[in-house]
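# Geometric and topological summary
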Amino acid sequence: MQKLHAEALRLNLRENLRRYRDRAGLSQRQVAGELGLSRSAYTYYETGKTTPSAVDLFTLAQLYRVPVEEFFRP
């Protein structure tokens, strides 16, 4: 049960990172620059290969003007 919940949160995170970036009209390169990452490192966040740090999530929430928990909602 716990594993399914965690997997759903990761899936929501991936989808919402892309959704909010698209809504903001920003490229992956632009968002990566805001985080101090390479574009490919940021792409891993959107594909689920890696998970953003708490600091990166906070920065993204500020960039998109949404609460951090929005990234985990279906």
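Basis of the calculations
Residues numbered from 1 in each chain as written. Predicted model: local features only at pLDDT ≥ 70, side-chain atom pairs only at ≥ 80, totals over all residues. Heavy atoms only, no water. Salt bridge = Lys/Arg side-chain N within 4 Å of Asp/Glu carboxyl O. Buried < 20%, exposed > 50% of the residue type's maximum accessible area, 1.4 Å probe, protein only. Helix = DSSP H or I, 4+ residues; strand = E, 2+ residues; numbered from the N terminus. Phe/Tyr/Trp six-rings, centres within 6.5 Å; stacked < 30°, edge-to-face > 60°. Arc of directions from axis to C-beta.

All told, the structure shown has five salt bridges when counted by the stated rule. A salt bridge links glutamate 70 to arginine 73, with the nearest nitrogen and oxygen atoms 2.8 Å apart. What makes glutamate 70 partly exposed here is its relative accessible area of 23%. Residue arginine 73 is classed as partly exposed on the basis of its relative accessible area, which comes to 41%.

At arginine 65, a position not held by glycine, the phi torsion is positive, near 55°. When you line up the elements, arginine 65 lands in the segment after helix 4 (54–64).

Right, let's get into the environment of lysine 49. When you line up the elements, lysine 49 lands in the loop between helix 3 (39–47) and helix 4. Between the C-alpha atom of lysine 49 and that of glycine 33, which follows or precedes it by 16 residues, the distance is 19 Å.

It is worth spelling out the packing of aromatic side chains at this point. Summed over the entire model, instances satisfying the criterion amount to four aromatic pairs. With a centroid separation of 6.4 Å and an interplanar angle of 70°, the aromatic rings of tyrosine 64 and phenylalanine 71 are classed as edge-to-face. Note on phenylalanine 71: relative accessible area 0%, which makes it buried. An aromatic cluster is built from Tyr20, Tyr64 and Phe71, whose rings are joined through pairwise contacts.

The next thing to look at is helix 3. Buried within helix 3 are the following residues: Tyr42, Thr43, Tyr45 and Glu46. In an axial view of helix 3, the angular spread of the buried residues amounts to 150°, which keeps them on one side of the axis.

Coordinates in, geometry out; function isn't part of it.
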